[in-house]
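# Fold and geometry: a report
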Amino acid sequence: MLAQAQEVFVYKAYKDKIKTLVVAKLAMQCADLYSEALSNMQVGSIRSQWDKGWLSTVAAKSHYFHAVAQHHMGIVAQSNKSFGEAVARMKKAQELLKDAERKGEGNFKTYEITSTIRRDYEAVVKDNNFIYNDRVPDFGTLEPPGKASLAKTIQFQSPASNFLDLFVNLVSLPVSRALSAYNAKKEELVSGELEKIRTASSNLNEMLANKNLPAAIEDVSGDEVPESIKEKSEQLRSQGGIDAIEEKIYSLPELLQRNREILDETQRMLDEEEREDRNMKDRFNEKWKRTSSSNLTESIRNEVAKFQGIVETATKADMTVKQKFESHRSSIITLGKDEQDLESSIPKAGAMATIISGSQSVHQLRQLMEDVKTLKAEREVLEKQLKEPVTDITPKFLDALKTIGDVDEEAISEAHLRTEYGKLQEQVSESVERQTDLEKRIEVTYAQFQRETQQHGTSARDNTLKELATGFDVYQEIMNNLQEGSQFYNNLTPLLVKLQSKVSDFVFARTTEKDDLLKELQRTIVQAPTTQPPANPQYQQAQDSKKGPPRPLPPTPGGPPPPQAPTSGGPPPQPYPTNAPPPHGYYNQPPPPQAPGYMPPHQGYRQPPPQGYQQPPPQPYYGHQPPPQPYYGHQPPPTGYAPQPYYPPGTVPPPQQPYAGYYQPPGYQPYQPPPNRR
């Protein structure tokens, strides 16, 4: 393995065009590693465990990378003008390469890194012989190449520190379904308890803000900032103030828009695929036999609709949070100021500035405010405990499946949730009951406080302090909502991406199925037999039976004779007599054969030659060249000229026979037209 790792470095250095000397050192180290591996593999106790191909391959690679090292060292020597050394090293590289091919026995093939060894060797030999004439040293006297080791062994740790077993959470299908149901119930329970705590805290804060508590019992002089307002201002500034809350509010639309775009694209792919399926169904009717998309995508569309409902609900919640922030923006901005600016922002001499020193109601209200702080601290701890993970329920499901062969998810889940969250639920209920009793006591004590201070109205200072207290409570609530909203959208995005990928795979599969089905339909339509023509009516068949035989075609000069039609009477047709003179103008061609009852056209025959005419001798064959033309004196013979017979002087040519019509061979019968068919 170490040699193979070093081999990877050699090939990478060659492909990256690293310096030639570096490639030579890497290759020499690789050759030594393969040589060492071959020696270890040939130990007698383990030699029989290796196939012959392994040993031959390792031996071939040892020689091969030694050849690579010598080849590159030869290139380095050539660049240094040491041509004799270059010749010796490249010659050795060629020998090692041949040894590698021989020892490989067909199991090893050389790489492109040595494709130029022979060409480089011939070039350096030629340059040395004709130009430099450098002495070629003995190879044994040359310095061996250096080595560079990049592949090194490391200590193996078992198990590895960062090892992650991918199969640790792999469970059977019944257990997986039970886990999904359990997780849903757990999320519902935790969300319900958190909602109870937050609703009770919100009601308590609203009541205290309306009574300007605890600022009313802290505002003794009417000129200074109450201690509770100072604490709230410092806490708000430490959380980032107005800038932090605006940044989170304005980042929510981006997260929402990203999730909405994923859902819209998913819905579009489903609608487009269903529309194409409907069009194909309308086009091919009953030939389109695949399952309709509406039946296949029902569950996917339900899932998309569920996510769309979740996104719409989240959108409405975001709008509510934004409206609440805008209504208390001024109070949050005032609380975000430093102490001096905050003091100047609060009016002086409030209506409750005159407080009777040592009043019993003031003492009771301060004690009740301490109880309120304790209650809020306990609820923060309860929220953290509700959000913490609990004991894994998977072993219980596995034990049930192993014991009874089935998983009673409902019973096991309820028992486990009761065990893990039962005490927390009791603490939440107790906290809500304590708040109800605390609110009643605050109402009674605050009424007594108003009677003692003889103040039943409110001033601008009182209203400002109430708004600041309310603004701080709203700030805390909005920050929690925005943090949960951001986490919600970030967790929703992977689920929507997974759904989109699922729909994309479905659409691709349906498109492939549609293309295959279209090809099959086209093949079926093309290969379908055509409909046979209808049978002829009876009257057409009767007319066809009355038709006579077809008229024979006119004979072609030099072609085969037409078929002879049988005759009812008369002598059989006679062949053309051999001793009859040929027609006039066609002296070298046989006459056309005659069929009984056939009258040839007038222009198909020529008149017989005159008496005493002698047949001219056959003309010699001149191949593709035209025959030589005879000499006629000054003028060529006219077109259509026929040679005339020679008559001695004093003789008269015989008279021409009068025209007697066509030549009629023996047995000739005139042509009789067929009877009228009408």
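Residues numbered from 1 in each chain as written. Predicted model: local features only at pLDDT ≥ 70, side-chain atom pairs only at ≥ 80, totals over all residues. Heavy atoms only, no water.

### A closer look at the overall build of the protein chain
Going by this rule: Strands here are runs of E lasting at least two residues and helices are runs of H or I lasting at least four, both read from the DSSP assignment and numbered beginning at the N terminus. Exposure classes here rest on a 1.4 Å probe applied to the protein chains alone. A residue is buried below 20% of its type maximum, exposed above 50%, and partly exposed in between. Pairs of residues are marked as contacts when any of their non-hydrogen atoms sit within 4.5 Å. What sets the accessible areas is the Shrake-Rupley method with a 1.4 Å probe; for residues, cover comes only from the shown protein chains.
Within the protein chain, the regular secondary structure consists of 18 helices and 0 strands. Split into buried and exposed, the 678 residues of the protein chain put 31% on the buried side. Partitioning the contacts of the protein chain with sequence separation of at least 6, the portion at a separation of at least 24 is 84%. Of the roughly 45,500 Å² that the protein chain leaves accessible, carbon and sulfur atoms contribute 53%.

### As for the packing of helix 4 (residues 83-104) against helix 5 (residues 117-132)
Test applied: Interaxial angles span 0 to 180 degrees and are taken between N-to-C directions of axes, which are lines fitted to C-alpha atoms, for helices over the stretch in contact. Comment on the angle field: the value is read as roughly parallel under 35 degrees, roughly antiparallel over 145, roughly perpendicular from 65 to 115, and oblique elsewhere. Each crossing is labelled by how the near helix is turned from the far one, with a counterclockwise turn of less than a right angle marking it left-handed and a clockwise turn marking it right-handed. Gly falls in the polar group here, along with every residue not listed as nonpolar (Ala, Val, Leu, Ile, Met, Phe, Trp, Tyr, Cys, Pro) or charged (Asp, Glu, Lys, Arg).
Relative orientation of the contacting elements helix 4 and helix 5 amounts to 150°, with a least axis distance of 9 Å. With respect to helix 5, the axis of helix 4 lies roughly antiparallel. The crossing of helix 4 and helix 5 is left-handed. Side by side, helix 4 and helix 5 meet where Phe-83, Gly-84, Ala-86, Val-87, Met-90, Lys-91, Ala-93, Gln-94 and Leu-97 of the first sit next to Ile-117, Arg-118, Asp-120, Tyr-121, Val-124, Val-125, Asn-128 and Tyr-132 of the second. The residue inventory of the contact of helix 4 with helix 5, partitioned by class, reads 11 nonpolar, 3 polar and 3 charged.

### Observations regarding a nonpolar patch on the surface
The following threshold applies: Note that patches include only residues with greater than 30% relative accessible area and no salt bridge, and the join distances are 9 Å for like charges and 5 Å for nonpolar side chains (Val, Leu, Ile, Met, Phe, Trp, Tyr). Here a salt bridge means any side-chain nitrogen of Lys or Arg lying within 4 Å of a carboxyl oxygen belonging to Asp or Glu.
Taken together, Phe-130, Ile-131 and Tyr-132 make up a surface patch of nonpolar side chains, about 380 Å² in accessible area. Mapped onto the elements of the fold, Tyr-132 is located in helix 5.

### Details of the pattern of salt bridges
Any two side chains of opposite charge can pair, so long as their charged atoms come close to each other. According to the stated counting rule, one finds 30 salt bridges in the structure shown. For Arg-301, the salt bridge goes to Asp-271, with nearest N and O atoms at 3.0 Å. Of this pair, Arg-301 sits in helix 11 (residues 298-327) while Asp-271 sits in helix 9 (residues 241-284), and the two are 30 residues apart along the sequence. For Asp-271, a relative accessible area of 31% corresponds to the partly exposed category. When the shortest N-O distance is used, the salt bridge between Glu-274 and Arg-301 registers 2.6 Å. Taken as a pair, Glu-274 in helix 9 and Arg-301 in helix 11 lie far apart in primary sequence, 27 residues in all.

### As for the nonpolar core
Inside soluble globular proteins, nonpolar side chains tend to come together where they are buried. The condition that has to hold: Definition of nonpolar core: a set of buried residues of the types Ala, Val, Leu, Ile, Met, Phe, Trp, Tyr and Cys, connected through side-chain atoms within 4.5 Å.
Counting residues in hydrophobic clusters, the biggest one holds 40 residues, and the most contacted among them are Ile-229, Ile-245, Phe-325, Tyr-475, Ile-478, Leu-482 and Val-503. Secondary-structure elements contributing two or more residues to this core are helix 8 (227-238), helix 9, helix 11, helix 12 (329-335) and helix 17 (460-527). Counting residues per element, this core draws most heavily on helix 17, which supplies 15 residues. In contact with Leu-482, not counting residues within four places along its chain, are Ile-245, Lys-248, Ile-249, Leu-252 and Val-321. Counting residues in each nonpolar core, the second largest holds 29 residues, with Met-28, Val-58, Tyr-64 and Phe-65 among its members.

### Section: the confidence of the model for the protein chain
The condition is simple: Known as pLDDT, the predictor's confidence for each residue is given on a scale from 0 to 100.
In this model, the protein chain carries a mean pLDDT of 77, and residues with pLDDT of at least 70 account for 73%. Every residue in residues 584-588 scores below 50 in pLDDT, and together they form 11 contacts with partners more than four places removed in sequence or on other chains.

### Quick word on the packing of helix 6 (residues 173-210) against helix 15 (residues 394-404)
Contact geometry of helix 6 with helix 15 gives a least axis separation of 10 Å together with a crossing angle of 140°. With respect to helix 15, the axis of helix 6 lies oblique. Of the two elements, helix 6 crosses helix 15, and the hand of that crossing is right-handed. Along the contact surface, helix 6 presents Val-175, Ala-178, Leu-179 and Tyr-182, while helix 15 presents Thr-394, Phe-397, Leu-398 and Leu-401. Looking at the contact of helix 6 with helix 15, its residues break down into 7 nonpolar, 1 polar and no charged.

### Looking at the side chain of Thr-445
Note the threshold: Pairs of N or O atoms are called polar contacts if they sit within 3.5 Å, as long as, within protein, a hydrogen donor faces a hydrogen acceptor (for residues adjacent in sequence, only side-chain-to-side-chain pairs).
Checked against the element boundaries, Thr-445 lands in helix 16 (residues 409-453). Given the relative accessible area of 7%, Thr-445 is considered buried. Here Arg-441 takes part through its backbone oxygen, which lies 2.8 Å from a polar atom of the side chain of Thr-445. Apart from residues lying up to four places away in sequence, Thr-445 is in contact with Ser-361, Gln-364, Leu-365 and Leu-368.

### A few points about helix 11
Heads up, the condition is: Every helix has an expected span of 1.5 Å times one less than the residues it contains.
The terminal C-alpha atoms of helix 11 lie 44 Å apart, and with 30 residues this matches the ideal 44 Å at 1.5 Å per residue to within 8%. Among the residues of helix 11, those classed as buried are Ile-300, Arg-301, Val-304, Phe-307, Val-311, Ala-314, Thr-315, Val-321 and Phe-325.

### Looking at a negative patch on the surface
We count it as follows: Just so you know, the count uses Lys and Arg for positive and Asp and Glu for negative, and it drops His and the chain ends. For charged residues, the charge sits on one atom: NZ in Lys, CZ in Arg, CG in Asp, CD in Glu.
Taken together, the side chains of Asp-406, Asp-408, Glu-410 and Glu-414 define an acidic patch exposed on the protein surface. As for its position among the elements, Asp-408 is in the loop between helix 15 and helix 16.

### Structural notes on the packing of aromatic side chains
How we decide: Only Phe, Tyr and Trp rings are paired, with Trp represented by its six-membered ring, and only when their centres lie within 6.5 Å; those with planes under 30 degrees apart are stacked, over 60 edge-to-face, the remainder tilted.
Counted according to the given criterion, the structure contains 6 aromatic pairs. Between Tyr-64 and Phe-65, the ring centres sit 5.3 Å apart and the planes meet at 80°, which makes this aromatic pair edge-to-face. In this pair, the class of Tyr-64 matches that of Phe-65, namely buried. Judged by centre distance (5.7 Å) and plane angle (15°), the rings of Phe-284 and Trp-288 are stacked.

### What about the side chain of Gln-29?
When you line up the elements, Gln-29 lands in helix 2 (residues 20-41). Judged by its relative accessible area of 13%, Gln-29 is buried. Non-local contacts of Gln-29, meaning those with residues more than four positions away in its chain, are made with Gln-6, Lys-147, Ala-148 and Ser-149.

### So, unusual backbone geometry
One non-glycine residue, Lys-81, lies in positive phi territory at about 65°. Among the secondary structure elements, Lys-81 is positioned in the loop between helix 3 (52-79) and helix 4. Judged by relative accessible area, Lys-81 falls into the exposed class, the value being 57%. In this structure, Asn-133 is a non-glycine residue whose phi angle is positive, near 55°. Structurally, Asn-133 is set in the loop between helix 5 and helix 6. Of the residues examined, Asn-133 reaches a relative accessible area of 56% and is grouped as exposed.

### Quick look at helix 9
Taking 1.5 Å of rise per residue, 44 residues should cover 64 Å, and helix 9 covers 66 Å from first to last C-alpha, within 8% of that figure. Looking at the residues trailing helix 9, positive phi occurs at Asn-285, about 55°.

### Here we look at the environment of Glu-443
Within the fold, Glu-443 resides in helix 16. Measuring from C-alpha to C-alpha, the distance between Glu-443 and Leu-208 comes to 9.8 Å, with 235 residues separating the pair along the chain. Beyond its immediate chain neighbours, meaning those up to four positions away, Glu-443 contacts Met-207 and Lys-211.

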